[in-house]
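# A look at the structure
Here is what each chain is made of, one letter per residue.
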Amino acid sequence: MNWFKDPLVLFFIGGAVLFVLAELGEPDNISYQIEIQESDVKRLNDQWSMQMRRPATDKELTSLVDQLIKEEIYYREAKRLGLDQNDTIVRRRMVQKLTFLTEDIATSAVPTEEALKAFYDENLEEYRQPDRYNFQHRYFSSDRRADAEQDARNSLNNSEDLGDPFMLQKEYANRSAREIGDLFGKTFAETMTRLETSDKWQGPVESAYGFHNVLLESVQESYLRPFDVVKDRVLIDLQQKTRKDANEQYFLDLKNKYSITLPAKN
């Protein structure tokens, strides 16, 4: 029975099994005719241009079309074998494609200027520029020092101790509290918002790394950014909301068509 272990024999057996499955379960609605449209070629060329920042050459475009044909053949053969059924990945991909289709339909029309302005007025706080901080800091490492907090406090009156090397910058400009929190941690950012601008070093301020003395040079106060300045962002935000609302409504409309039975609670 060693012949049964021969890879070539196994290959032919596997091929025969697939052929039989294809013949037995072949759906009638899957065609053997593949027609590549001009729109397909244009789409391939456009996708290539977006990724490579140049049009495809004739040779590259031919290769892309060949790959599309190969993909279509494999796709149809996989469907003939029923490989698309009871597959979690395929299910999720189909759900995703239906979601994209719903979103594309919902955002096919460009919002009017009046609609954008109305959305801006309804969500003013989303377009507020937060406070921006300009500061320097001196770092005192908890790993390098026995009492980094006390050393930082002592250095406020001792200009000779300039702190320890720091992996990031020693000076920051126009950073919001959120950006500062991303760099130094939430505790540091919250403390920064409570400091007054001064020409003197303040601290110690605790961070995710240790302790810091801070020279808060200036704060640019929060202000509402005008509509004309944030118009492009308003368009993106409105389109995102339109997509979300369209998907939610589409699902509710579909759900109303179904009768759903849940397992009884114990």
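Before going further, it helps to examine the packing of helix 2 (residues 38–52) against helix 3 (residues 58–80). Running from amino to carboxyl end, helix 2 crosses helix 3 at an angle of 115°, the nearest separation of the two axes being 10 Å. Every pair of crossing elements has a handedness; the one defined by helix 2 and helix 3 is right-handed. Of the residues in helix 3, those touching helix 2 at Asp40, Val41, Arg43, Leu44, Asn45 and Trp48 are Glu60, Leu61, Leu64, Val65 and Leu68. A class-by-class count of the residues in the contact of helix 2 with helix 3 yields seven nonpolar, one polar and three charged.

Attention now goes to the packing of aromatic side chains. Counting across every chain of the model gives 11 aromatic pairs. Taken together, the ring pairs connect Phe135, Tyr139, Phe166, Tyr172, Phe184, Phe188 and Tyr209 into an aromatic cluster. Over the face of the ring belonging to tryptophan 201 we find arginine 138, whose NZ or CZ atom lies 4.2 Å from the ring centre.

Right, let's get into the environment of tyrosine 172. Mapped onto the fold, tyrosine 172 is located in strand 3 (residues 171–175). Judged by relative accessible area, which is 4%, tyrosine 172 ranks as buried. Between the alpha carbons of tyrosine 172 and glutamine 136 there is a distance of 6.3 Å; along the sequence they are 36 residues apart. Discounting residues that sit within four places of it in the chain, tyrosine 172 has contacts with Tyr133, Asn134, Phe135, His137, Phe166, Leu183 and Phe184. Polar contacts involving the side chain of tyrosine 172 include one to the main-chain amide nitrogen of glutamine 169, which spans 3.1 Å.

Parameters and conventions
- All residue numbers refer to positions counted from 1 along the written sequence of the respective chain.
- This being a predicted model, a pLDDT of at least 70 is required before a residue's local features are given, and a value of 80 or more before pairs of side-chain atoms are given or counted; all residues contribute to the totals for chains, interfaces and linings.
- Side-chain calculation: all heavy atoms of the structure are included, whereas hydrogens and water are not.
- Here an angle of 0 to 180 degrees is reported between the N-to-C directions of two axes, which are lines fitted to C-alpha atoms, with helices fitted over the stretch in contact.
- Helix and strand labels come from DSSP, where a helix needs a run of H or I of at least four residues and a strand needs a run of E of at least two; each type is numbered from the N terminus.
- A clockwise turn of the near helix away from the far one marks a right-handed crossing, whereas an anticlockwise turn of less than a right angle marks a left-handed crossing.
- Two residues form a contact once any of their heavy atoms are found within 4.5 Å.
- Ten residue types, Ala, Val, Leu, Ile, Met, Phe, Trp, Tyr, Cys and Pro, are classed as nonpolar, four, Asp, Glu, Lys and Arg, as charged, and the remainder, Gly among them, as polar.
- Geometry of aromatic contacts follows a simple scheme: Phe, Tyr and Trp rings, the Trp one being its six-membered ring, pair when their centres are within 6.5 Å, and the pair is stacked under 30 degrees between planes, edge-to-face over 60, tilted otherwise.
- Either the NZ atom of lysine or the CZ atom of arginine qualifies as a charge over a ring when it sits within 6 Å of the ring centre and within 35 degrees of the ring normal.
- Think of it in three bands: with a 1.4 Å probe and only protein chains considered, a residue is buried below 20% of the maximum accessible area for its type, exposed above 50%, and partly exposed in between.
- N or O atoms closer than or at 3.5 Å make up a polar contact, with two conditions inside protein: a donor-capable atom paired with an acceptor-capable one, and, for residues adjacent in sequence, both atoms drawn from side chains.

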